[in-house]
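# Architecture and fold: a report
Residue-level listing of the chains:
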Amino acid sequence: SFIGEESVAAGEGSILTDNPTWIIDPIDGTTNFVHRFPFVAVSIGFVVNKKVEFGIVYSCIEDKMYTARKGKGAFCNGQKLQVSGQEDITKSLLVTELGSNRDPEAIKIILSNMERLLSIPIHG
């Protein structure tokens, strides 16, 4: 099976089944792309039984290829990635994306979540 982000965003329906499925977003960061903001990627995932088996993200502008495989770790241009191990949230960096849904109920939830996050003394 195949699910394309651009077709789903255009209103086409899609149902994730247990079948092996490619999920592809050819311009991940469409809004960034339109506004010439240099954070754009091609994102590809492969799912079997509704579980991600592997993913590839190519950051075009940076020329960085991120890959990850279930149980095998994640890499950037072939070098293994790992999380920082930082457990104190006040020393963390918050990066967020508001999404494109402008439904009033969705906005209310997003802003409520943001308010809870911003009440923590974090960097962002």
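Residues numbered from 1 in each chain as written. Predicted model: local features only at pLDDT ≥ 70, side-chain atom pairs only at ≥ 80, totals over all residues. Heavy atoms only, no water.

## Regarding the environment of Asp63
Spelled out, the test is: Helix and strand definitions follow DSSP, with helices as H or I runs of at least four residues and strands as E runs of at least two, each counted in order from the N terminus. Any pair of residues with heavy atoms lying within 4.5 Å of one another is described as a contacting pair. Contacts described as polar in this section are N or O atom pairs within 3.5 Å, which, within protein, must combine one atom able to donate a hydrogen with one able to accept it, while residues neighboring in sequence count only if both atoms come from side chains.
One can find Asp63 in the loop between strand S4 (51-59) and strand S5 (64-69). Spatially, the C-alpha atom of Asp63 lies 8.8 Å from that of Asn77, the residues being 14 residues apart in sequence. Residues contacting Asp63, with those up to four places away along its chain left out, are Tyr58 and Asn77. Separated by 2.6 Å, the side chains of Asp63 and Tyr58 make a polar contact.

## Quick word on the packing of aromatic side chains
So the rule is basically this: Aromatic rings from Phe, Tyr and Trp, with only the six-membered ring used for Trp, were paired whenever their centres fell within 6.5 Å, and each pair was classed as stacked if the ring planes differed by under 30 degrees, edge-to-face if by over 60, and tilted otherwise. Buried, partly exposed and exposed residues are distinguished by accessible area as a fraction of the type maximum, computed with a 1.4 Å probe on protein chains only: under 20%, between the cut-offs, and over 50%, respectively.
By the definition in use, this model includes four aromatic pairs. When the centroid spacing of 4.7 Å and the interplanar angle of 55° are considered together, the rings of Trp22 and Phe46 count as tilted. Here Trp22, found in strand S2 (residues 21-28), pairs with Phe46, found in strand S3 (residues 41-48); they are 24 residues apart in sequence, far enough to count as distant. When its relative accessible area of 37% is taken as the criterion, Trp22 is described as partly exposed. Put simply, the rings of Trp22, Phe46 and Phe54 pair up and form one aromatic cluster.

## Considerations on the UniProt feature "binding site: Mg(2+)" (unreviewed entry) in the protein chain
Counted only if it meets this: UniProt positions are given in the numbering used here, feature names are shortened, and annotations may be inferred rather than shown by experiment.
Sites flagged by UniProt as "binding site: Mg(2+)" (unreviewed entry) map to Glu5, Asp25, Ile27 and Asp28. The annotated residues occupy 24 residues of the chain but converge on a single region, no pair of C-alpha atoms lying more than 8.7 Å apart. With respect to the helices and strands, the residue Asp25 is situated in strand S2. Of note is the side chain of Asp25, whose polar atom sits 3.3 Å from the backbone nitrogen of Ile27.

## Side note on the pattern of salt bridges
Stated formally: The term salt bridge refers to a side-chain nitrogen of Lys or Arg lying within 4 Å of a carboxyl oxygen of Asp or Glu.
Scanning the model with the defined rule gives two salt bridges in all. Across the pair Glu105 and Lys108 runs a salt bridge whose closest N-O atoms are separated by 3.8 Å. Of this pair, Glu105 and Lys108 are both found in helix H3 (residues 104-118), three residues apart, which corresponds to roughly one turn of the helix. A relative accessible area of 44% means that Glu105 is categorised as partly exposed. For Lys108, a relative accessible area of 54% gives the class exposed.

## Describing the pairing of strand S6 (residues 73-76)
Definition in use: When DSSP locates at least two bridges between a pair of strands, those strands are taken to pair.
With four bridges joining them, S5 and S6 adopt antiparallel strand pairing. Bridge pairing links Ala68 to Ala74 in S6. The hairpin turn running from S5 into S6, its antiparallel successor, is three residues long, and Gly71 in that turn takes a positive phi close to 80°. Across two bridges, the pairing between S6 and strand S7 (residues 79-80) is antiparallel. What sits directly across from Phe75, in S7, is Lys80. In this structure, the hairpin formed by S6 and S7 is closed by a connection of two residues, where Asn77 is found at a positive phi of approximately 50°.

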